[in-house]
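Chain and residue survey
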Protein chains: 2
Amino acid sequence: MAVRITWQDVYDKIHKRILDSSYAPGDKLPRDEDIAQELGCARSTVQRAMRELSEEGIVERRRKGGTHVRSYPVTRATFDISVTRHEVESAGKVYSYQLINREIAKSPRNVMAAFGLTAPKDMLRIEALHLSDRQPYIYEDRWVCTDTVPEIANVDLQCESANEWLVLNRPYDHADLRFYAQNADAYHADLLDAQLGVALFVMERTTWIGTAPITTVKAVTSPGYQLITRT
Amino acid sequence: MAVRITWQDVYDKIHKRILDSSYAPGDKLPRDEDIAQELGCARSTVQRAMRELSEEGIVERRRKGGTHVRSYPVTRATFDISVTRHEVESAGKVYSYQLINREIAKSPRNVMAAFGLTAPKDMLRIEALHLSDRQPYIYEDRWVCTDTVPEIANVDLQCESANEWLVLNRPYDHADLRFYAQNADAYHADLLDAQLGVALFVMERTTWIGTAPITTVKAVTSPGYQLITRT
DNA sequence: CTCTTGAATAAGAGCGTACTTAATATTAAT
DNA sequence: ATTAATATTAAGTACGCTCTTATTCAAGAG
């Protein structure tokens with residue numbers, strides 16, 4: 001019996017037609033059913049392939065409207081941010097960690113903004129340094145909402161980083177991420193063993209569970225850090 | 001008749017159990033079939049939900065191994081990089097564009113590295129400035145592989161940016177993206193109307209079709225630029 | 001000549017069944 | 001005891017059918 005057509009086969013065929021411009025940006029593709037008939041498979045198989053193409057931002061699908069090649073293609077990239085320790089270790093380096101500071105303090109304006117608060121609040125602030133092969137790697141300045149995560153008060157953050165504890169113990173609903181560049185001030189330069197004024201890559205992440213804020217962290221990377229994504 | 005259970009219902013139920021730690025990181029979930037029975041739907045409905053959870057990096061699935069909550073959860077974020085003009089316009093600003101330079105030149109070392117070439121090659125280099133409300137927004141330094149894209153020689157890049165022309169006319173297979181920070185040198189400072197030495201956020205993107213390189217572009221953003229992603 | 005209403009359309013989703021595949025566990029053979 | 005063959009398991013995929021839903025288009029009402 002002839003080998004069955006898989007949804008990947010359908011994906012490849014349609015993708016190829018888009019790549020060789022048989023279907024150009026903006027063009028309308030045949031209905032799923034017609035493609036199914038042409039390729040000799042079920043409609044659901046075509047749908048599976050089409051969903052993939054759609055999720056990758058290659059085509060756009062609308063009910064009744066049909067399927068179109070995106071008129072302005074996008075590069076859709078996905079990246080994972082996990083525990084810093086893993087990032088270091090999977091690069092084959094030795095990870096270590098230093099707790100710099102831990103205090104209860106009123107949230108400053110930038111933290112309020114990240115959480116969308118209107119009034120300052122007492123929160124737990126944790127400053128820590130992640131090292132890769134004994135070299136400074138990432139300095140993290142974290143604020144944890146103790147209303148939402150009271151248990152963190154009892155955690156020994158000398159041995160377990162807040163990063164790791166939160167990831168394991170506080171699942172979140174949604175997150176806000178932002179990336180930008182910042183000049184090293186005296187404080188960062190000292191901690192990261194970098195020159196004053198050097199450009200540093202910064203990642204900010206704020207997480208919530210429902211509407212309750214969990215934590216916001218500003219991760220300042222050491223000079224030369226690159227965030228890399230392959231598609 | 002009772003409303004049918006949708007795959008989103010299943011998704012929500014399982015997701016909620018993960019969020020409230022009924023299933024903690026590392027835990028094994030029941031088989032799809034058992035979940036289907038419990039919730040009163042077909043296995044395929046559970047599978048649809050599970051695939052979503054899996055694609056979002058919340059659970060991991062292995063044949064025979066079953067489904068587990070990721071032992072180290074990740075923040076999986078997706079972002080689209082499209083035509084700079086759209087980015088500006090969808091922020092409600094006026095877009096404009098200036099061609100700074102266009103030349104045929106031997107590819108320098110960093111471009112060779114991006115493409116994985118061992119010997120320099122003649123390529124088309126295009127320098128251009130994207131403006132938002134008449135203010136410098138992104139400076140792009142682009143190298144186009146004329147072996148792969150000979151037609152670009154005949155394009156009038158004064159009116160149409162290479163960015164846009166390539167996106168519309170040269171579909172690509174896969175791309176390499178990297179983000180980092182860089183201090184403004186005299187050249188960038190001048191073009192972007194920025195202070196010398198200020199930290200600039202840089203995005204590099206290299207695209208291929210099959211194994212044939214298409215283009216590599218270094219987009220240097222003006223001070224204060226942030227890449228934002230919501231999950 | 002708009003605006004509303006209703007039919008038509010194409011994608012989205014659900015179900016049940018059957019078969020495939022990768023990974024693990026068990027058993028047999030060395 | 002170690003390895004190789006085999007069975008078992010749970011996810012992955014395919015199919016055909018039915019029904020739902022968002023959109024569009026066209027006809028009819030104001």
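In what follows, the structure referred to is the one given above.
The following refers to the structure shown. (Residues numbered from 1 in each chain as written. Chains lettered and ligands numbered in written order. Predicted model: local features only at pLDDT ≥ 70, side-chain atom pairs only at ≥ 80, totals over all residues. Heavy atoms only, no water.)

**Notes on the protein's contact with DNA strand C**
- By nearness alone, 23 residues border DNA strand C, and Arg43(A), Arg61(A), Thr6(B), Trp7(B) and Thr45(B) come closest of all.
- In DNA strand C, atoms within 4 Å of the protein come 77% from sugar and phosphate.
- Within the backbone of Trp7(B), an N or O atom sits 2.4 Å from a phosphate oxygen of DNA strand C.
- Of all elements in the fold, only α3 (43-55), β1 (59-62) and β2 (66-69) of chain A together with α1 (7-19) and α3 (43-55) of chain B reach the threshold of two or more residues within the surface near DNA strand C.
- With three residues, α3(B) is the single largest residue contributor to the surface near DNA strand C.
- Residues belonging to the surface near DNA strand C are distributed by class as follows: four nonpolar, seven polar and twelve charged. (Near = heavy atom within 4 Å. Polar contact = N/O pair within 3.5 Å; in protein donor to acceptor, adjacent residues only side chain to side chain. Helix = DSSP H or I, 4+ residues; strand = E, 2+ residues; numbered from the N terminus. Nonpolar A, V, L, I, M, F, W, Y, C, P; charged D, E, K, R; others polar.)

**So, empty space enclosed by the protein**
Residue and element names in this part refer to chain B.
- Summed over the entire model, instances satisfying the criterion amount to one cavity of 30 Å³ or more.
- The computed volume of the largest cavity comes to approximately 120 Å³.
- Elements supplying a minimum of two residues to the lining of the largest cavity: α6 (162-169), β8 (199-209) and β9 (212-221).
- Class assignment of the residues belonging to the lining of the largest cavity gives a composition of five nonpolar, three polar and three charged. (1 Å grid on protein atoms, 1.4 Å probe; cavity = no way out; pocket = protein on both sides within 12 Å on 5 of 7 lines; lining within 4 Å. Points joined across faces, edges and corners; volume = space filled by probe spheres on them.)

**Thoughts on the packing of α1(B) against helix α2 (residues 32-39) of chain B**
All names here are of chain B.
- At a minimum axis separation of 12 Å, α1 and α2 run at an interaxial angle of 105°. Between α1 and α2, the angle is such that the two are roughly perpendicular. Here Val 10, Lys 13, Ile 14 and Arg 17 of α1 come into contact with α2, specifically with Ile 35, Glu 38 and Leu 39.
- Looking at the contact of α1 with α2 residue by residue, the classes come out as four nonpolar, no polar and three charged. (Axes fitted to C-alpha atoms, helices over the stretch in contact; angles between N-to-C directions. Parallel < 35°, antiparallel > 145°, perpendicular 65-115°, else oblique. Contact = heavy atoms within 4.5 Å.)

**Remarks on helix α2 (residues 32-39) of chain A**
All names here are of chain A.
- Looking only at α2, the buried set comprises Asp 32, Ile 35, Ala 36 and Leu 39. The buried side chains of α2 occupy one side of the element, clustering within an arc of 105° when seen end-on.
- Those residues of α2 that are buried are in contact with α1 (7-19), α3, β1 and β2.
- Gly 40 lies just past α2 and shows a positive phi near 75°. (Buried < 20%, exposed > 50% of the residue type's maximum accessible area, 1.4 Å probe, protein only. Arc of directions from axis to C-beta.)

**Thoughts on helix α6 (residues 162-169) of chain A**
Residues and elements named next belong to chain A.
- Of all eight residues in α6, six are buried; the element is thus mostly enclosed.
- Among all positions of α6, only Ala 162, Asn 163, Glu 164, Trp 165, Leu 166 and Val 167 are buried.
- Residues of α6 that are buried sit in contact with α4 (84-90), β4 (95-106), β5 (122-132), β6 (135-144) and β9 (212-221).

**Observations concerning the sheet that holds strand β4 (residues 95-106) of chain B**
- In spatial order, the strands read β10(A)-β7(B)-β8(B)-β9(B)-β6(B)-β5(B)-β4(B); together these seven strands make up an open sheet with antiparallel pairing. Edge positions in the open sheet fall to β10 (227-230) of chain A together with β4 of chain B, since each of these has one partner strand only. Within this sheet the neighbouring strands show an average axis-to-axis angle of 15°, counted without direction.
- As judged from the seven bridges shared by strand β6 (residues 135-144) of chain B and β9(B), these two strands associate in the antiparallel manner. Paired with Trp143(B) across the bridge in β9(B) is Thr216(B).
- Packing against the sheet, α6(B) makes contact with β4, β5 (122-132), β6 and β9 of chain B, and its axis sits at approximately 55° to β6(B). (Pairing = 2+ DSSP bridges.)

**Considerations on the relation of the copies chain A and chain B**
- After a rotation of 180° and a shift along the axis of 0.0 Å, chain A superposes on chain B with an RMSD of 0.1 Å. Classification of the inter-copy transformation places it as that of a two-fold axis.
- Most of the interface of chain A is mirrored in chain B, where 100% of its interface residues are also at the interface. (Least-squares fit on C-alpha atoms with pLDDT ≥ 70 in both.)

**Remarks on the pairing of β10(A)**
- A one-sided burial pattern is seen for β10(A), the buried positions being Leu227(A) and Thr229(A) and the unburied ones Ile228(A) and Arg230(A).
- Alignment of β10(A) against strand β7 (residues 174-183) of chain B, held across four bridges, turns out to be antiparallel. Paired with Ile228(A) across the strands is Arg178(B), a residue of β7(B).

**Thoughts on the interface of chain A and chain B**
- Every contact between the two is made by 52 residues of chain A and, on the other side, 52 residues of chain B.
- Each partner contributes to the roughly 4700 Å² buried at the junction of chain A and chain B, and carbon and sulfur atoms together form 52% of this total.
- Of all residues in chain A, Leu19(A), Tyr72(A) and Thr75(A) bury the most surface against chain B, accounting for 14% of the area lost on that side.
- On the surface where chain A and chain B come into contact, there are four salt bridges.
- A salt bridge links Arg76(B) to Asp80(A), with the shortest nitrogen-to-oxygen separation between them at 2.6 Å.
- Across the chain A-chain B interface, the total number found is 28 residue pairs in polar contact (both at pLDDT 80 or more).
- Looking at the side of chain A that touches chain B, the elements that each hand over two or more residues are α1, α3, β3 (75-81), α4, α6, β7 (174-183), β8 (199-209) and β10 of chain A.
- Of the residues forming the side of chain A that touches chain B, the biggest block, ten residues, is contributed by β7(A). (Buried area = accessible area lost by both parts, 1.4 Å probe. Salt bridge = Lys/Arg side-chain N within 4 Å of Asp/Glu carboxyl O.)

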